[in-house]
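In case you want the letters, here they are:
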Amino acid sequence: MSALKLSETFLHLGLGATAVPQPPFTGFDWYEGYGARHGDEGPEGRLVSQHTFTESWDSWEMHPKGSEVVICTEGAMMLTQEFPDGKLKDVPLAAGEYAINPPGVWHIANVEETATAIFITAGEGTQHRPR
């Protein structure tokens, strides 16, 4: 197998310690197909993806069934977490640093210039809401 670019071809970490490259990422509709391919693994499957941001996120996100690890690999971002009790926590991330979004915690990122991050996500049941 030849090398793949994580920013274009995400990776599914599944049951039985499997690692399955995914079809090329095409936008948010791609996630529906991902759910169809791996939804039977429930909350134990993990999606590994990489995104580069030049703007702050326009919506909040929450993963109800598992933690998400966010690893900043380039640039900087401010991750804001909103806990179920309404408490907000800002987590600044620079290259080489990571944060964990616990299950059920809404989160969003602000980016002043450019930031690249790798996400390891328990995506089953992921929800979004407007900023």
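In this report, the structure presented in the accompanying data block is examined.

### Side note on the environment of Asp58
Phase 1 of the analysis: Following the sequence through the fold, Asp58 ends up in the loop between β3 (46-53) and β4 (59-62).
Phase 2 of the analysis: The class for Asp58 is exposed, based on a relative accessible area of 64%.
Phase 3 of the analysis: Contact partners of Asp58, with chain neighbours within four places excluded, come to Pro130 and Arg131.

### Notes on the environment of Pro64
Phase 1 of the analysis: For Pro64, the position within the fold is in the loop between β4 and β5 (68-82).
Phase 2 of the analysis: Sequence spacing of Pro64 and Pro43 is 21 residues, and the spatial spacing of their C-alpha atoms is 9.3 Å.
Phase 3 of the analysis: Residues contacting Pro64, with those up to four places away along its chain left out, are Pro103, Gly104, Glu124, Gly125, Thr126 and Gln127.

### Quick word on the packing of aromatic side chains
Phase 1 of the analysis: Across all of its chains, the model carries nine aromatic pairs by this definition.
Phase 2 of the analysis: Residues Phe25 and Tyr31 carry aromatic rings whose centres are separated by 5.6 Å and whose planes lie at 65° to one another, so their mutual orientation is edge-to-face.
Phase 3 of the analysis: Of the residues examined, Phe25 reaches a relative accessible area of 26% and is grouped as partly exposed.
Phase 4 of the analysis: By relative accessible area, Tyr31 is classed as partly exposed at 28%.
Phase 5 of the analysis: Relative to Tyr34, the ring of Trp30 has its centre 5.5 Å away and its plane inclined at 15°; by these criteria the two rings are stacked. Separated by four residues within a single helix, Trp30 and Tyr34 lie in helix α1 (residues 30-38), roughly one turn from each other. An identical accessibility class is assigned to Trp30 and Tyr34; each is buried.
Phase 6 of the analysis: By way of ring pairs, the aromatic residues Phe10, Phe25, Trp30, Tyr31 and Tyr34 are connected into one cluster.
Phase 7 of the analysis: Seen from the ring of Trp30, Arg37 lies directly overhead, with NZ or CZ sitting 5.2 Å from the centre.
Phase 8 of the analysis: Residue placement shows Arg129 over the ring face of Trp106; its charged tip is 4.6 Å from the ring centre.

What counts and what doesn't
Residues numbered from 1 in each chain as written. Predicted model: local features only at pLDDT ≥ 70, side-chain atom pairs only at ≥ 80, totals over all residues. Heavy atoms only, no water. Helix = DSSP H or I, 4+ residues; strand = E, 2+ residues; numbered from the N terminus. Buried < 20%, exposed > 50% of the residue type's maximum accessible area, 1.4 Å probe, protein only. Contact = heavy atoms within 4.5 Å. Phe/Tyr/Trp six-rings, centres within 6.5 Å; stacked < 30°, edge-to-face > 60°. Lys NZ or Arg CZ within 6 Å of the ring centre and 35° of its normal.

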